[in-house]
Amino acid sequence: SKLDRDILKIGISEEPETLNIWLASDTNSRKILSLVYQNLYIRDPETLKLIPWLAKADPLYDPEDLSYTVKLRNVKWSDGSDLTADDVVFTVNLIKQFKVPQYISKWRFVKKIEAVDKRTVKFYLSKPKAIFLTRSLGIPIVSKKEWSLVVKKALSKKKSYKALINHKIENPLGCGPFVLKERRCGAYIFFEKNRFFFGKGKTIKGRKLGPYIDKLLFKVYRSADVAILALKKGSIDYYWACIQPGHVDGLSRDQNIKVFVSKKSAFYYMGFNLRKTPFSDPYLRRAIAVLIDKKFIVSRILQGFATEMSSVVPKGNEFWHNPDLPMYGAGLTRDERIQRAYKLLALRGYSWEIPPVNDKKEVVSPSTIRLLDGKPMEEFTILTPPAGYDPHRAACGTIIQEWLKDLGLPVTSRPMSFGALLDKVKARHDFDTFILGYGMLSLDPDYLRSFFYSKNNRTRGWNMSGYNNKEFDKLADASLAEMNNDKRRQLIWEMQSVLLNDIPYFPLYNPTLIEAVNNKNFTGWVKMVGGIGNIWSLCSVKPAQGTSKK
Amino acid sequence: MPLLEVNNLSIDYKTSSGVFSAVKNLSFSLEKGKSIGIIGESGSGKTTVGMGIMRLLADNAIVQNGKIIFKAEDILTMSEEKIVALRGGKISMIFQAAMNSLNPVHRVGDQISEVLQVHDNKLSKNQADEKVKELFKDVGLSLSRISDFPHQYSGGMKQRAVIAMAIACKPDIIIADEPTTALDMIVQSQILKKLKEIQKKNNIAIVLISHDIGVVSEICHDIAVLYKGEMIEYGKKDDILASPLHQFTKKLISSCITLESIKNLSEFRGRDCAGNTYCCDSHNKKNLIDQKDLILEFKDVSKCYNSGRSWFNRRADRVAALNNVSFNIKRGEIFGLVGASGSGKTTIGRILVKLEKPDTGTITFNNMDVKNLKGRSLKEFRKKVQMVSQDPYQSLNPYFSVYDIVAEPLIIHTEKIKKECLVLISSLLEDLGLFPAEEYLYRYPHQLSGGQRQKVAIARGMVLNPEFMLADEPTSMLDSSVSMQIFTLLVHLKKKLGVTFLFITHNIAAAHLLCDRVAVIHHGEIVEMGDCKKIIKDPQAEHTKELIDSHPEFLLKTRY
Amino acid sequence: MTKKNNNYLKDIMERLKSGMFFQYLVFLWKNPIGKCGVVLLILFGVMAVASFVPPLIDPMYHPMTGVDPDISNVTPPGFNHWLGTDYMGRDLFSQLLTGSRVAFLVGVSAAFMSMVFGTIIGMTAGYSGKILDTVLMRTADMIMIMPTLLVVLLLSSLFGQLSIWTIVLLIALFRWPGVARVIRSQTLALKERPFIDAARISGASSVRILFKHIAPNVLPMALLFMTFRVTSAIIIEAVLAFLGFGDPGTVSWGMMLQWVWKTGNMFQAPYWLFPPGICISLITLSFYMIGRAMEDMLDPRLRKEGIQD
Amino acid sequence: MDIKSFFIKRSVEIIVIFFIMMTILFLLFHFAPGDPVSMMVDPSMTSEDAQYMISQLGLDKPLLTQYLVYLKNFFQGNLGNSFYYGEPVIGIIGNRLPNTILLFTTSIIISAFAGVFLGKIAAWHKGEKIDTFGTIAALVCHTLFLPWTALIIIWVFGYKTGLFPLGGMLTPELWINPETNFLIKGIDIIYHMTLPLFTLCIIHFGSYMLIMRSSMLDVMGEDYILTAKAKGVSDKCICNHHIAPNASLPVVTSIGLSLAFSVNGGALTEIIFSWPGLGRELIFAVTNNDYPLALASFLFIAIVVLIANFIVDILYTYLDPRIKY
Ligand SMILES: Nc1ncnc2c1ncn2[C@@H]1O[C@H](COP(=O)(O)OP(=O)(O)OP(=O)(O)O)[C@@H](O)[C@H]1O
Ligand SMILES: Nc1ncnc2c1ncn2[C@@H]1O[C@H](COP(=O)(O)OP(=O)(O)OP(=O)(O)O)[C@@H](O)[C@H]1O
Ligand SMILES: [Mg+2]
Ligand SMILES: [Mg+2]
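Okay, so let's go over this structure. (Residues numbered from 1 in each chain as written. Chains lettered and ligands numbered in written order. Predicted model: local features only at pLDDT ≥ 70, side-chain atom pairs only at ≥ 80, totals over all residues. Heavy atoms only, no water.)

### Considering the overall build of chain D
Which entries qualify depends on this criterion: By definition, any uninterrupted DSSP run of H or I lasting at least four residues is a helix, any uninterrupted run of E lasting at least two residues is a strand, and each is numbered from the N terminus. Only protein chains enter the accessibility calculation, which uses a 1.4 Å probe. A residue is then buried if its area is under 20% of the maximum for its type, exposed if over 50%, and partly exposed in between. Note on contacts: a residue pair qualifies if any of its non-hydrogen atoms lie within 4.5 Å across the two residues. Note on areas: Shrake-Rupley with a 1.4 Å probe; residue coverage comes only from the protein chains shown. This count recognises Lys and Arg as positive and Asp and Glu as negative, with His and chain-terminal groups excluded. Charged side chains are reduced to one point each, which is NZ for Lys, CZ for Arg, CG for Asp and CD for Glu.
Across its full length, chain D holds twelve helices and zero strands. Along chain D, helices (α) and strands (β) appear in the sequence α-α-α-α-α-α-α-α-α-α-α-α when read from the amino end. If one aligns the C-alpha atoms of chain D with their principal axes, the spans along those axes are about 85 × 55 × 40 Å. The burial tally for chain D puts 63% of its 325 residues in the buried class. For chain D, contacts bridging at least 24 residues in sequence account for 76% of all contacts bridging at least 6. Total accessible area computed for chain D in this model is approximately 12000 Å², and 73% of it derives from carbon and sulfur atoms. If the 18 positive side-chain charges of chain D are averaged to one point and the 22 negative ones to another, these points end up 13 Å apart.

### Regarding the environment of D:V312
Residue and element names in this part refer to chain D. Secondary-structure assignment places V312 in helix α12 (residues 291-319). The class of V312 is buried, set by a relative accessible area of 11%. Residues V312 and I255, 57 residues apart in the sequence, show an inter-C-alpha distance of 7.5 Å. Here V312 is in contact with V252, I255 and G256, once residues within four sequence places are set aside.

### Notes on the interface of chain C and chain D
To keep it simple, the criterion reads: The quantity reported as buried area is the accessible area (1.4 Å probe) lost by two parts once they are put together, taken as the sum for both. Salt bridge, as used here, is a side-chain nitrogen of Lys or Arg placed within 4 Å of a carboxyl oxygen of Asp or Glu. Any N or O atom pair separated by 3.5 Å or less is treated as a polar contact, with the protein-specific requirement of one donor-capable and one acceptor-capable atom, and with residues adjacent in sequence counted only for side-chain atom pairs.
On the chain D side, the residues contacting the 46 residues of chain C number 54 residues. Both sides of the chain C and chain D interface together cover about 4500 Å² of buried area, and 77% of this is carbon and sulfur. Counting across the chain C and chain D interface gives one salt bridge. Of the charged contacts, one joins D:E13 and C:R138 as a salt bridge, the two residues approaching to 2.8 Å between their closest N and O atoms. Applying the counting criterion to the chain C and chain D interface returns five residue pairs in polar contact (both at pLDDT 80 or more). Every element with two or more residues in the side of chain C that touches chain D is listed here: α6 (130-144), α7 (148-158), α10 (206-242), α11 (253-262) and α12 (270-297) of chain C.

### Points about the arrangement of the chains
The protein chains that touch form five pairs of chains, and the pair with the most contacts between them is chains A and D. In this view chain A stays clear of chain B, with the nearest C-alpha atoms of the two still 46 Å from each other.

### Notes on the sheet that holds strand β15 (residues 334-339) of chain B
All names here are of chain B. The criterion, for reference: Two strands qualify as a pair provided DSSP detects at least 2 bridges between them. Between N-to-C directions, angles span 0 to 180 degrees; the directions come from axes that are lines fitted to C-alpha atoms, helices contributing only their stretch in contact.
Read across the open sheet, the six strands follow the order β18-β19-β20-β15-β21-β22; overall the sheet is mixed. Each end of this open sheet is capped by a strand with a single partner; those strands are β18 (385-388) and β22 (525-531). This sheet shows a mean twist of 15° between the axes of neighbouring strands, independent of strand direction. Taken together, the five bridges between strand β19 (residues 468-472) and strand β20 (residues 500-505) define a ladder with parallel strand orientation. From the neighbouring strand, A471 faces β20, where its bridge partner is F503. Across the sheet, helix α12 (residues 375-384) is in contact with β18 and β19; its angle to β18 comes to roughly 50°. The sheet strands contacting helix α20 (residues 542-549) are β15, β21 (517-522) and β22, and the helix crosses β21 at an angle near 100°.

### A few points about the interface of chain D and chain A
Counting residues at the interface gives 55 residues for chain D, matched by 62 residues for chain A. Roughly 5100 Å² of surface becomes buried between chain D and chain A when both sides are summed, with 58% attributable to carbon and sulfur atoms. Taken together, the connections running from chain D to chain A amount to six salt bridges. A:R458 is the partner of D:E48 in a salt bridge, and the nearest nitrogen-oxygen pair spans 2.8 Å. Counting across the interface, chain D meets chain A through 13 residue pairs in polar contact (both at pLDDT 80 or more). Listed by contribution, the elements that provide at least two residues to the side of chain D that touches chain A are α2 (47-56), α4 (89-124), α6 (146-160), α7 (172-175), α10 (235-272) and α11 (278-287) of chain D. Element by element, the count of residues in the side of chain D that touches chain A is highest for α2(D), at ten residues.

### Re the sheet that holds strand β15 (residues 267-272) of chain A
Residue and element names in this part refer to chain A. Strand order across the open sheet formed by six strands is β16-β22-β15-β21-β19-β20, with mixed pairing between neighbours. Of all strands in the sheet, those with a lone pairing partner are β16 (306-308) and β20 (411-415), marking the two edges. Direction aside, the axes of adjacent strands within the sheet are offset by 25° on average. Taken together, the four bridges between β15 and strand β22 (residues 505-511) define a ladder with antiparallel strand orientation. In the sheet register, Y269 faces β22, and the bridge partner there is P507. Each of β15, β19 (380-384), β20, β21 (433-438) and β22 is contacted by helix α13 (residues 391-405), which is oriented at about 175° to β20, the strand it contacts most.

### Examining the side chain of D:S47
In this structure, D:S47 sits in helix α2. Looking at D:S47, its side chain comes within polar contact range of the side chain of A:R458, at 3.3 Å. Excluding residues that lie within four positions of it along the chain, D:S47 makes contacts with A:R458, A:T459, A:R460 and A:G461.

### Re the site of ligand 2
All names here are of chain B. We apply this condition: Here a residue is near a molecule or strand as soon as one of its heavy atoms is found within 4 Å of it. Here the term charged refers only to Asp, Glu, Lys and Arg, the term nonpolar to Ala, Val, Leu, Ile, Met, Phe, Trp, Tyr, Cys and Pro, and the term polar to all other amino acids, Gly among them.
Ligand 2 sits among 14 residues. The nearest are S341, G342, K345, T346 and T347. Between G344 and ligand 2, the recorded distance is 3.0 Å, taken from a backbone N or O atom to an oxygen atom. One of the side-chain N or O atoms of K345 is found 2.8 Å from an oxygen atom in ligand 2. Protein contact buries 65% of the 640 Å² of open area that ligand 2 shows by itself. Elements represented by at least two residues in the shell around ligand 2 include exactly β13 (294-306), β14 (318-330) and α11 (345-352). The element best represented in the shell around ligand 2 is α11, accounting for three residues. Among the residues forming the shell around ligand 2, the class breakdown is four nonpolar, eight polar and two charged.

### Some thoughts on the site of ligand 1
Residue and element names in this part refer to chain B. Taken together, 15 residues sit near ligand 1, with S42, K46, T47, T48 and Q96 positioned nearest. One nitrogen or oxygen atom from the main chain of S44 is found 3.3 Å from an oxygen atom belonging to ligand 1. Burial of ligand 1 by the protein amounts to 69% of the accessible area it has alone, namely 630 Å². Elements that contribute at least two residues to the shell around ligand 1 include exactly β1 (4-15), β2 (18-30) and α1 (46-54). Broken down by element, the shell around ligand 1 gets its largest block of residues, three residues, from α1. Considering only residue class, the shell around ligand 1 consists of four nonpolar, nine polar and two charged.

### What about a nonpolar patch on the surface?
Filter applied, for reference: To count toward a patch, a residue needs a relative accessible area over 30% and no salt bridge; like charges are then connected within 9 Å, while nonpolar side chains (Val, Leu, Ile, Met, Phe, Trp, Tyr) are connected within 5 Å.
There is a patch of nonpolar side chains on the surface, built from D:I3, D:F7, D:I8, D:V12, D:V16, D:I20 and D:I24 and spanning about 570 Å² of accessible area. When you line up the elements, D:I24 lands in helix α1 (residues 3-31).

### Concerning the nonpolar core
How we decide: Among the buried residues, those of types Ala, Val, Leu, Ile, Met, Phe, Trp, Tyr and Cys that are joined through side-chain atoms within 4.5 Å form a nonpolar core.
A:W22, A:F123 and A:W147 are the most contacted members of the largest nonpolar core, which has 413 residues in total. Per element, the largest residue contribution to this core is 20 residues, and it comes from α10(C). Sequence-distant contacts of A:W147, that is, excluding residues within four places in its chain, are made with A:N20, A:I21, A:W22, A:Y37, A:F90, A:L94, A:V142, A:L164, A:H167 and A:I169. Of all hydrophobic cores here, the second largest spans 58 residues; its members include B:C421, B:A459, B:L514 and B:I535.

### Topic: the packing of α1(D) against α12(D)
All names here are of chain D. As a reminder of what qualifies: Should an angle fall under 35 degrees it is taken as roughly parallel, and over 145 as roughly antiparallel, whereas 65 to 115 is taken as roughly perpendicular and any remaining angle as oblique. Left-handed describes a crossing in which the near helix is turned anticlockwise from the far one by less than a right angle; the clockwise case is right-handed.
Where α1 contacts α12, the axes come no closer than 10 Å and their chain directions differ by 155°. Judged by the angle between their axes, α1 and α12 are roughly antiparallel. Where α1 crosses over α12, the two elements pack in a sense that is right-handed. For the pair formed by α1 and α12, the contact residues are F6, F7, R10, I14, I17, F18, M21, M22, L25, F26 and F29 on the first element and Y291, A294, L295, F298, L299, A302, I303, L306, N309, F310, D313 and I314 on the second. When grouped by side-chain class, the residues that make up the contact of α1 with α12 number 20 nonpolar, one polar and two charged.

### Examining the pattern of salt bridges
Tallied over the entire structure, the rule returns 61 salt bridges over all chains. The closest approach of N and O atoms between B:E73 and B:K82, which form a salt bridge, is 2.9 Å. Taking relative accessible area as the criterion, B:K82 reaches 43% and is therefore assigned partly exposed. A cluster of three or more residues bridged by salt bridges with shared partners is formed by C:R138, C:D141, C:R181, D:R10, D:E13 and D:D313.

### Some thoughts on the side chain of A:K264
Residues and elements named next belong to chain A. Here K264 shows up in the loop between β14 (257-262) and β15. Within the buried set, K264 has no salt-bridge partner at all; the shortest N-O distance to an opposite charge, 8.0 Å, is to D390. Sequence-distant contacts of K264, that is, excluding residues within four places in its chain, are made with G439, N510, P511, L513, V529 and G530.

### So, the pairing of β15(B)
Residue and element names in this part refer to chain B. Counting buried positions along β15 yields six of six residues, so the element is predominantly enclosed. Alignment of β15 against β20, held across five bridges, turns out to be parallel. Residue pairing across strands places I334 opposite F501, the latter belonging to β20.

As structure tokens, then:
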């Protein structure tokens, strides 16, 4: 049992596929690498405000030459060498040179970056951008020592970016609280405490940082059930993945287990193809919105582990969320919803062979809805990810299909594999409606622009609905340039209300994240948006009380 | 005191449909060095007796009463160890299907040495091997084949190996259950000779089980005849052959097609179920045959088979089945083709009916070259040439009713409606002795006896009124009395409808009975051809003599 | 008129009674294993038919979309829900019944199709010989070594979710080689049988020989294989659904297992976990038993090839 | 035909099949909708960035060029790089394949031996209790639904009784300890292999046993067994020396035929027991549109089956002297 308390064991659901930070796109690689590569600023777990991490203090903005100056702490890489301004400059230049797709869009407007001295970096922007602080500076800093040779070699190749991501990293050099010791594919990843961790013993935002554990072991459990059993058995102390609501009952009964339910910055929605009839008609979209019973979805399908979403920005993101938006039939019964949607469409000019509501205002089973031009509506589909990937969205699809049928809409729900779904929706724009979601939205609502800006309405662009609204575009441009947070909030709120009026996407729910730890050996997890699997937790988790280290 | 004494033995089988007594109150005795033959028709309980003596009866068999005394001890009540030591040691057995008596995954030599080692555990492997070599010599097998696997042996060789196994421990008794049934005449006679020789040499007593009176008469001193599990006759061989008492024995002896029986019959009569009497006087009908009118001509026909299966060494194992065969058949005659097994008789037949292509040579039928037949002319040819094949159990589609089988050529070649077909077929079946036709029309082949099946096959051949009929050993799978019926039928058809026959057989006696002319074929070559009577009386070719000699002694003694 | 019909009927009866198939049926019933299988199968058949009933009683018993308005959680068996409900409040018993229908549909149709493919291809290959034989059999060998499940999984994940009929078709497409091989070897043996020669001598064309003479003879074997294919088709569908690659629009047992698995109720709700798993085993068992009983009636030499899977 | 040309023939066959399969798979992946780039759901990635990535990965070239490049690389021993691992596919497969083969072959060998042994006993005691019970058990095991069974086995043996680990291939705590020696590591792997192996054997032994049993019964009715009895050979020797070798031939055939089937079960077991093998790698790669990895994994699984089949054939010639290729 000494062994048990020496090593913190964390279960993960899949093998982290790569340790190359520029390639890593799967969640597990990112989880692992987040312990190694650190950012200049991170979010405070309680207030969610950005606080300096590698940086010493908040950046200094000079409106004169549109520059930000960032001072660095005295940070050492895990091999003992210093992290300098050069490393930061190198990282940004690497992103720009290789056009690393995950980051480049946030750096295009940065004109120049220079190392003022060993611990000072200065960024020059080409025009004011609100997202610089929140988005651009969120990059992991890599060591020049580790990467400069790789970069040189890759640049000499024809496909330099490919060469960069195909470079195999065995042992990433970072400055996080842990250093990777051993990785055995498919079995485990083993970390040890980083002796040179800059935060050790420091108190940041009232938290005295560790790490208090010497060894950290990641074990792979491919099946959630088995991982849960392992957690109960004590083979792992924490399962770093979202747990299904069904497990909660069993877990809460166990004395050693503590279940954490945390908010998630996520957004699950139903999208419409606005490029073609019939969904180009906002009335139809609104009618559908009325028919959808989010309460049912949240309470039944998600078993209460979610919140209904009323806007495109999650409620949990209090600063940016606009609380005052149309609710589309909240609180109505099934029949009332049908009646309201029917009224909406009937007024608009839709007709039925047998209307869903008869003369006596009773709901009956309808047939053949006709569009404005008098033609019967053609069959359409709701595309959802497969149940194996996400059972909730697939179930939503099925349930929504039944609801829409009540209004006579000829619809089938069709789950399809994620790749094929995205290909249809994003690359080929060949769809009617779909249900998708983002599990990890940035807290900065900049994504509104990506999703609905008319210029992004193209192949592989993020405006998948094909939303095109001049007014919205203007608001979006303004919000990007606005450097004052309060003013920017006003703009973002306005954008939300425009969107909820037009409904290119109809927000459905925002799931909460259920996680569980085994408290027997370790305690001190830090809960924040996105769960307890964060750098704060790993810097504060301690061996449980009453266990003396012998 | 006799070596083996069977007293009042009764054996029953318990089956789902009740108890069936296979052997009833059987008694016989056997002296050292003597032999007894047990004969009877299929299912009469012969094998059951043999198994009883070995105490190897099936699980559902019950010995009701009786004793089997071997050297003053009752086998049936002996302890398990004793009987195991006895088996293969003092009493050994050659089984009915000797072809399958060897374990396919062990080497033949090893299988023989196993007997030796089982019964003498002091024997070393080498000593055993030495003994096996001796045994191989004794039974006339080549020593180089000792470590071959059974599948590399021919039927005759397997039989010899089994005999070697049986005599390995110098037993007192060998029980030989139909030791030669599956073999051709020549091999059969060789094996029987060997058995006799070994018996003499080692002074072994033999119980020979057979349904063929010829085989039994060749070896045995005594004969017991079984009929439905009861022994209806028991005595010295000569007595029984000369003056059979029981009706069944008489039938058994008389229906045996022997050269002798033919001698006495210049004309023989058959009666079918319908009660019609045919008079088959084949030898007096020569005048009907037009000597010049050739219906069929074979010229220099050769045929090779690939026996290698692979596509890598295709040329390696080629078997020359036919080698420049030439003969012709006159319209209206029965032409016989006689030869030992594997001599190429069936091959000739298959080439003739265009189931197989010859490598070289030409076949002309009615002055048409068979090779060039295609489409329409082929259909015409098919209409005129028909065949009855060797195995009545295989030549009828088990999923077709008798009606379907016989009607098939009609459906293919004519536009007759079902009613017409029915009438036609009914009359044909009745003509062939399947009376009343309605009873048979919707039966399936498995509901017919062997002879009835062969009749249906003939009906199928006859339904289109062909000119030429190929009969490939039509009776080799049938017992002798049924064979006689079929022969009668063939002669009747020839007479009534003027069909020309090519009659293939390995039984020279049968050929003699039916044919006008015969050709003797050996290793794919015709060694002798001409008038049937003349050839049997005065065979020229070595092989013909061999063929005639291979007939059981009992038959040859009476040769004229 | 009636007399003629009577005759005709008599004719058919006569044929049936003396025909092989009737005897097979009788034999099947006489064999204890076969009887057991038949009884089980009838049970599942009854379940399949009964599956139409619950939704008529109350729409909340609709297996896919009906939810009990009072229940929004997994509940153990009770008066209203004999097997309890799933996490959304859907009735498990009616899902189980519907699963039986889907299993039959998938199993029998996939097996039937693969049997038809396999038989036709096997007969053609065996009868024609030469190049066609080689080509067909090499193809069969190639498909045979493909792990069907993985292939179907691969296809379904590449080309989006597959509907139940596509799955059936795919299973059939990948399941014929076993049948074809056995049918081919049977055809090869049959081809040498004198009754085929006899038919040729009677002037029958190849097509006639294939479909009139050979087909009925290989049919029992093909049917035997069909029963084994039924089991494998059911299992493949169940596994696909279990892994989340099934047709989401159908409630199959595999789908039920997937729900219980994916929603984390695996070890919490045995009344949800056990029935579908047991049903899958039992229905495959019943077909397997019937297959084995049929096997006893057929040629022992041919039967060992490819029985499994 | 001698064994050498048999070897050549089969090798040629395997190679041809391999290339045909490779081509078919290549086409399949090419025409399948979706690509790894569209799987990246980072809202800040613009469409230019995505396009750039596609061209970097070489996915924008015409089909033929892509195929030829693939072939060329193939002959240089390069099957491409995984989109997600960023490493050469060969390396990943080299890492996973041994695990798969370990589990796969041991399970087949154990279940075949168990099946043969139990089938022999059942047939020898035909009609007795042991036979009835054994046959029913085999039938039931054979028709068990694998994923379901596997999860229940984990629950019972891994969790409730805690006798065995819940999954994985090794105990990381042991392996990270530098003092652990090879023996212990080996035992650790075997310990982890127990449950997946047990599951696979439970599912597979049934069919082998049933085949063995029925073929034993067939062989027992053969004439050469009667001959052996008549020779005075003891029962035990007849069973082991005369019946069993003949009766196990169909089992060997059925192993060959069921290999592909075993691969399916193997992949499922790998997923449920977190066994780091090729089967689950394939499924994972396929769901993530990682074409190079999926293609290569599939090919290697096929190769394993082909070679295993080959070995079974050779084994068969060895066991049955009648077969000559
Ligand atoms: N194990 C058994 N169970 C039931 N009946 C049997 C069994 N063995 C033989 N019989 C029946 O006992 C009778 C005698 O069989 P046996 O094998 O002794 O005949 P046979 O004279 O040797 O015939 P054949 O010449 O065909 O070999 C037959 O009617 C047969 O059907
Ligand atoms: N399809 C074949 N493939 C290879 N060899 C064959 C084939 N058919 C016949 N043979 C060989 O050709 C030779 C002649 O065979 P055929 O069948 O004509 O003999 P047969 O005289 O009819 O013998 P039996 O009296 O046994 O019927 C034999 O050696 C046989 O092994
Ligand atoms: Mg007999
Ligand atoms: Mg012949």
